[in-house]
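Structure assessment
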Amino acid sequence: MQTSFSETDRKIFRAQCAMAEAVARLIGNNCEVVIHSLEDPEHSVVQVINGSISGRSVGAPLTNFALEMALNGRESDKKFFGPYYSMGVKGKQLRSVTSVIRGEDDRIIGLVCFNMNLSAPFYSIMEEYSGEAERKKETVYEIYPRTVQELIRYMLDEAVSFADSKEDVTAQERNTIAIQRMREQGVFHIKGAADIVASELGISRTSIYNYLRSIKDHPAQGV
């Protein structure tokens, strides 16, 4: 059952750990995430987030069900197990999903267990999700475009509005400010962006590249 890790396995495992932590942060304090490494099954738990839900800590072994999943997963192409239900500490009812971490040669090298505490009062969940202090600290404005063209046009509109908010700028300065803002936001790394921006601004594609060269040598101030 014990699995030797290659350097590639370790890189895959670290990436999965980072992803698991991101999911835990998204869902909040009522979601426990436990990461198991099969490098040492007797002390498989290498990371626990919100561990009070099941009472486990780093160094704990595989559970009976995790052991069974690891064995079954070797004989199939399953990517995850669940959802399934169990009991945590103090009678907490858990709804769980366990994801399989596969390394080189499709070997199972670990498991990521997500345990949602269904016994948590609903108001506590809503309080966490609607916390004003956290929202003010972390809020960003993000759109969800259906096409690349829609994304480019949105970012162009935002950059032009930003440029228009500046006082006493010429049409050329306006374009420079807008193009610099889009450059800093990564717009021109998107294939076809220069053509769309040029068309919307009413200038040539060559002019876009001239602006970009000029910005690189002499970046506009206050953008």
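The model shown is predicted, which means the values in this text are computed figures rather than measured ones. (Residues numbered from 1 in each chain as written. Predicted model: local features only at pLDDT ≥ 70, side-chain atom pairs only at ≥ 80, totals over all residues. Heavy atoms only, no water.)

For the protein, the count of helices and strands is eight helices and five strands. Beginning at the N terminus, the succession of helices and strands in the protein can be written as α-β-β-α-β-β-β-α-α-α-α-α-α. Looking at the 223 residues of the protein, the share that counts as buried comes to 35%. In the structure as shown, the protein presents an accessible area of about 13800 Å², 51% of it carried by carbon and sulfur atoms. (Helix = DSSP H or I, 4+ residues; strand = E, 2+ residues; numbered from the N terminus. Buried < 20%, exposed > 50% of the residue type's maximum accessible area, 1.4 Å probe, protein only. Areas by Shrake-Rupley, 256 points an atom, 1.4 Å probe, with all protein chains shown as cover.)

For the pair helix H5 (residues 148-164) and helix H6 (residues 171-184), interaxial distance at closest approach is 8 Å and the crossing angle is 135 degrees. On the basis of the axis angle, H5 is oblique to H6. The hand of the H5/H6 crossing is right-handed. Taken together, the residues of H6 that come into contact with H5 (itself represented by Met 155, Leu 156, Glu 158, Ala 159, Val 160, Phe 162, Ala 163 and Asp 164) are Arg 174, Ile 177, Ala 178, Arg 181 and Met 182. (Axes fitted to C-alpha atoms, helices over the stretch in contact; angles between N-to-C directions. Parallel < 35°, antiparallel > 145°, perpendicular 65-115°, else oblique. Left-handed = near helix turned anticlockwise from the far one by under 90°. Contact = heavy atoms within 4.5 Å.)

Moving on: the pairing of strand E3 (residues 80-87). Where E3 and strand E4 (residues 93-102) come together, six bridges link them in antiparallel fashion. Along E4, the bridge assignment pairs Met 87 with Gln 93. Where E3 folds back onto E4 in an antiparallel hairpin, the turn is made up of five residues, including Lys 90, whose phi is positive at roughly 55 degrees. (Pairing = 2+ DSSP bridges.)

This part is about the environment of Met 69. Assignment of secondary structure puts Met 69 in helix H2 (residues 64-74). Taking relative accessible area as the criterion, Met 69 reaches 2% and is therefore assigned buried. Through-space distance from the C-alpha of Met 69 to that of Phe 80 is 9.0 Å; in sequence the pair is eleven residues apart. Those residues in contact with Met 69 that sit more than four places away from it in its chain are Phe 81, Tyr 84 and Thr 98.

Attention shifts here to the layout of surface pockets. Vacant regions in the atomic arrangement are exposed by a probe of water-molecule size rolled over the atoms. Volume-wise, the second largest pocket comes out at about 210 Å³. Sorting the residues of the lining of the second largest pocket by element identifies H2, E3, E4 and strand E5 (108-117) as the ones contributing at least two each. Among the elements that take part in the lining of the second largest pocket, H2 stands out by supplying four residues, more than any other. A breakdown of the residues in the lining of the second largest pocket according to their chemical character gives seven nonpolar, eight polar and one charged. (1 Å grid on protein atoms, 1.4 Å probe; cavity = no way out; pocket = protein on both sides within 12 Å on 5 of 7 lines; lining within 4 Å. Points joined across faces, edges and corners; volume = space filled by probe spheres on them. Nonpolar A, V, L, I, M, F, W, Y, C, P; charged D, E, K, R; others polar.)

Moving on to the packing of aromatic side chains. Tallying each qualifying case throughout the model produces one aromatic pair. Relative to Phe 13, the ring of Phe 5 has its centre 5.8 Å away and its plane inclined at 55 degrees; by these criteria the two rings are tilted. We note that Phe 5, like Phe 13, is buried. One residue, Lys 78, lies across the ring of Phe 81, its end atom 5.2 Å from the ring centre. Above the ring of Phe 162, the side-chain terminus of Arg 181 is found at 3.9 Å from the ring centroid. (Phe/Tyr/Trp six-rings, centres within 6.5 Å; stacked < 30°, edge-to-face > 60°. Lys NZ or Arg CZ within 6 Å of the ring centre and 35° of its normal.)

These values are about where atoms sit, not about what they do.
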